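Understanding the architecture of this molecule
Here is what each chain is made of, one letter per residue.
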Amino acid sequence: MCDLRRPAAGGMMDLAYVCEWEKWSKSTHCPSVPLACAWSCRNLIAFTMDLRSDDQDLTRMIHILDTEHPWDLHSIPSEHREAITCLEWDQSGSRLLSADADGQIKCWSMADHLANSWESSVGSLVEGDPIVALSWLHNGVKLALHVEKSGASSFGEKFSRVKFSPSLTLFGGKPMEGWIAVTVSGLVTVSLLKPSGQVLTSTESLCRLRGRVALADIAFTGGGNIVVATADGSSASPVQFYKVCVSVVSEKCRIDTEILPSLFMRCTTDLNRKDKFPAITHLKFLARDMSEQVLLCASSQTSSIVECWSLRKEGLPVNNIFQQISPVVGDKQPTILKWRILSATNDLDRVSAVALPKLPISLTNTDLKVASDTQFYPGLGLALAFHDGSVHIVHRLSLQTMAVFYSSAAPRPVDEPAMKRPRTAGPAVHLKAMQLSWTSLALVGIDNHLSTRILAMKASLCKLSPCTVTRVCDYHTKLFLIAISSTLKSLLRPHFLNTPDKSPGDRLTEICTKITDVDIDKVMINLKTEEFVL
């Protein structure tokens, strides 16, 4: 089942709609198979299922869902040999990377710009080595949303361009396309897409002493380097960080790695909690282009704890003897990089999924203060899903809870108002994978009871009834007309920026409502064409 939620007043989230597929028997579910989910900037959601039977294996299929038309599900027979472990959209939202537990990576693109037609022409392979982390190389484009200027009329004033270098450039400074992946045995593989269509692939060990990598994530630095974080799954082991540099030498891809400072989760250093959370279950950078902050979650069978860490430069004390020998040392104190904990939660229920915001919000003190005063939540909250079916929206830095809601099939608290759905019996349905939209205004979750065919869809704006086909057709037509209307309105721009209270599209709607004549010439007579710019 797939949940989509949108923001409501007071920082809460309303259920927009639920997509349910035909139920399979409990024995066909594979709890050990992780679910992958990715949300593109075109509002296409790609996800996998954990269903497997003697006749069909859905763990190797990719499902594409358009959030504007969720009743249409497109399934791609990916031809992966093992279960899919990672999905990743590119910046344009037109290409999708998929990786499986056999080390195979495929690059999918739309055929004829159709969301229901996909083809894979390129890929790479690290045979027999499962992929645990996957990402496109950075293209050097980074924006920052300034909350203090959120009231500005021009989008150019709200966003600013942040200086950021691409991972690799071609002749003339054009970013080179490609992807990077981390395997369970500690290998990093990079594939570069040349303009000629040739694929350059190279594989290198993250360090000399290779070990098991159960969790990994990838981030990028402003200088064009790549940072990889890894963990072996045990909270007693350190979380390792590596710097990866990619270059092209003699028409071959070259990978250089360097070990960065590591960290131990604070819960393992506390004598009272040392053995309470034996496993690290989630490891994520707070943003793809923010390698200095990482989110860690350690869990037991029934509970979890979440910690947020930051990498900082700190001065290294120098003995007075050395300062006297070398005055330069005394004038300029040497610095080292060190991980410091920013915040941590109390003991929580067991976390099942984590979703991080994609909105590139500025984190300056001024913007954070304005966001706090105006209750501006998008981009500041991350989502934590729990095994009891609840989802908490917490502040990305302080980890303070901002909102709590429950998935559609989850049991509700006993003191819940009567106007809401009554509490259901049986085991809680929890979300195994989540993703926030690119504006961080909507959240999608895939639960642990997936199925294969859409039966019903509930919407907040238009509700479809599975019992009456004619009513469903009416709503399909209405949604189509609304889409046309929204597209036409978006083309209209005011001649001057200091527009009146209503936009040109709203004023045009009022005129069309008052004038019922279908003759377009009579409608145009009542319009002041100088107010509209197409």
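Residues numbered from 1 in each chain as written. Predicted model: local features only at pLDDT ≥ 70, side-chain atom pairs only at ≥ 80, totals over all residues. Heavy atoms only, no water.

Here is the rule we go by: UniProt positions are given in the numbering used here, feature names are shortened, and annotations may be inferred rather than shown by experiment.
As annotated in an unreviewed UniProt entry, the protein carries the name Mediator of RNA polymerase II transcription subunit 16 and is attributed to Pan troglodytes. As stated in UniProt under Sequence similarities (unreviewed entry), the record for the protein gives "Belongs to the Mediator complex subunit 16 family."

Concerning a nonpolar patch on the surface
To be explicit about the condition: Residues enter patches when they are more than 30% accessible in relative terms and free of salt bridges; like-charged ones are connected within 9 Å and nonpolar ones (Val, Leu, Ile, Met, Phe, Trp, Tyr) within 5 Å. Surface accessibility follows the Shrake-Rupley procedure with a 1.4 Å probe radius. Residue values consider only the protein chains on display as shielding. Between Lys or Arg on one side and Asp or Glu on the other, a salt bridge is scored when a side-chain nitrogen of the former is within 4 Å of a carboxyl oxygen of the latter. Accessibility here uses a 1.4 Å probe with only protein chains present; expressed as a share of the type maximum, an area under 20% marks a residue as buried, one over 50% as exposed, and anything in between as partly exposed.
Judged by side-chain polarity, Leu481, Ile484 and Leu488 come together as a nonpolar surface patch covering roughly 280 Å² of accessible area. For isoleucine 484, a relative accessible area of 36% puts it in the partly exposed group.

Re unusual backbone geometry
A positive phi angle, near 55°, is found at serine 250, a position not held by glycine. Relative accessible area serves as the criterion here: at 66%, serine 250 is assigned to the exposed category.

Some points on the sheet that holds strand β5 (residues 61–66)
What counts is decided by this rule: Criterion used throughout: strands pair if DSSP finds at least two bridges between them. Labels follow the DSSP assignment, with helices taken as runs of H or I lasting at least four residues and strands as runs of E lasting at least two, numbered in each case from the N terminus. Axes, fitted as lines to C-alpha atoms, cover a helix only where it is in contact. Angles between the N-to-C directions of the axes lie from 0 to 180 degrees.
Spatially, the four strands line up as an open sheet ordered β3-β4-β5-β6, and their pairing is antiparallel. Strand pairing shows two members of the sheet lacking a second neighbour, β3 (37–39) and β6 (69–77), which therefore form its edges. Averaged over all neighbouring strand pairs, the angle between strand axes comes to 20°, with direction disregarded. Direction of pairing for strand β4 (residues 44–47) relative to β5: antiparallel, over a ladder of four bridges. Its bridge partner lying in β5, phenylalanine 47 is registered against histidine 63.

What to know about the pattern of salt bridges
Across all of its chains, the model carries 10 salt bridges by this definition. A salt bridge links glutamate 177 to arginine 95, with the nearest nitrogen and oxygen atoms 2.8 Å apart. Within this pair, whereas glutamate 177 is found in strand β14 (residues 177–183), its partner arginine 95 is found in strand β8 (residues 95–100), the two being separated by 82 residues in sequence. Under the relative-accessibility criterion, glutamate 177 is labelled partly exposed at 40%.

Regarding the packing of aromatic side chains
Note on aromatic pairs: each is described by the distance of the centres and the angle between the planes. Rule in force here: Stacked, tilted and edge-to-face are the three classes applied to pairs of Phe, Tyr and Trp rings, where Trp contributes its six-membered ring and a pair requires centres within 6.5 Å; stacked means planes under 30 degrees apart, edge-to-face means over 60, and tilted covers the rest.
Across all of its chains, the model carries four aromatic pairs by this definition. Taken together, a centroid distance of 6.1 Å and an interplanar angle of 85° make the contact between tryptophan 136 and tryptophan 179 edge-to-face. Pair noted here: tryptophan 136 is in strand β11 (residues 131–136) and tryptophan 179 is in strand β14, with a separation of 43 residues, a long-range link. With respect to burial, tryptophan 136 and tryptophan 179 carry one shared label: buried. Grouped by ring-pair contacts, the aromatic residues Phe241, Phe285 and Trp339 constitute a single cluster.

Digging into the nonpolar core
When a protein is soluble and globular, its nonpolar side chains tend to lie buried together. This is how the line gets drawn: Buried Ala, Val, Leu, Ile, Met, Phe, Trp, Tyr and Cys residues that are joined via side-chain atoms within 4.5 Å together make up what is termed a nonpolar core. Note on contacts: a residue pair is in contact if any heavy atoms of the two residues lie within 4.5 Å.
Ile180, Val182, Leu192, Ile218, Ile226, Val244 and Val246 are the most contacted members of the largest nonpolar core, which has 24 residues in total. Of all the elements in the fold, those that place two or more residues in this core are β14, β15 (187–193), β17 (215–220), β18 (226–231), β19 (239–249) and β20 (252–263). Excluding residues within four positions of it along the chain, valine 244 makes contact with Ile180, Leu206, Asn225, Ile226, Val228, Ile255, Asp256 and Thr257. Residues Leu215, Met265, Trp309 and Leu311 belong to the second largest nonpolar core, which totals 22 residues.

Re the environment of glutamate 292
Position of glutamate 292 among the secondary structure elements: in strand β22 (residues 290–299). Each C-alpha atom of the pair glutamate 292 and serine 310 lies 5.5 Å from the other, and the pair is 18 residues apart in sequence. Ignoring sequence-local partners within four residues, the contact set of glutamate 292 consists of Trp309, Ser310, Leu311 and Trp339.

With respect to the side chain of serine 167
Rules: Pairs of N or O atoms within 3.5 Å make up the polar contacts considered here, provided that, within protein, one atom can donate a hydrogen while the other can accept it, and that residues adjacent in sequence are counted only when both atoms are side-chain atoms.
Structurally, the position occupied by serine 167 is in the loop between β13 (159–161) and β14. Classification of serine 167 as buried rests on a relative accessible area of 8%. Reaching out from serine 167, the side chain makes a polar contact with the backbone nitrogen of histidine 138 at a distance of 3.0 Å.

What to know about the pairing of strand β31 (residues 443–447)
The buried count for β31 comes to five of five residues, which makes it a mostly enclosed element. Burial of the side chains of β31 extends over both faces: Leu443, Gly445 and Asp447 are buried on one face and Val444 and Ile446 on the other. Taking the residues that link successive antiparallel strands as the turn, the strand β30 (residues 431–436)-β31 hairpin has six residues, and the phi of serine 440 there is positive, at about 60°.

Here's the deal with the pairing of strand β10 (residues 114–125)
In summary, the side chains of a regular strand alternate between the two faces of the sheet. Direction of pairing for strand β9 (residues 104–111) relative to β10: antiparallel, over a ladder of eight bridges. Bridging from a neighbouring strand, glutamine 104 pairs with leucine 125 of β10. Counting the residues that bridge the hairpin from β9 to β10 gives two residues, and of these aspartate 112 lies at a positive phi of roughly 60°.

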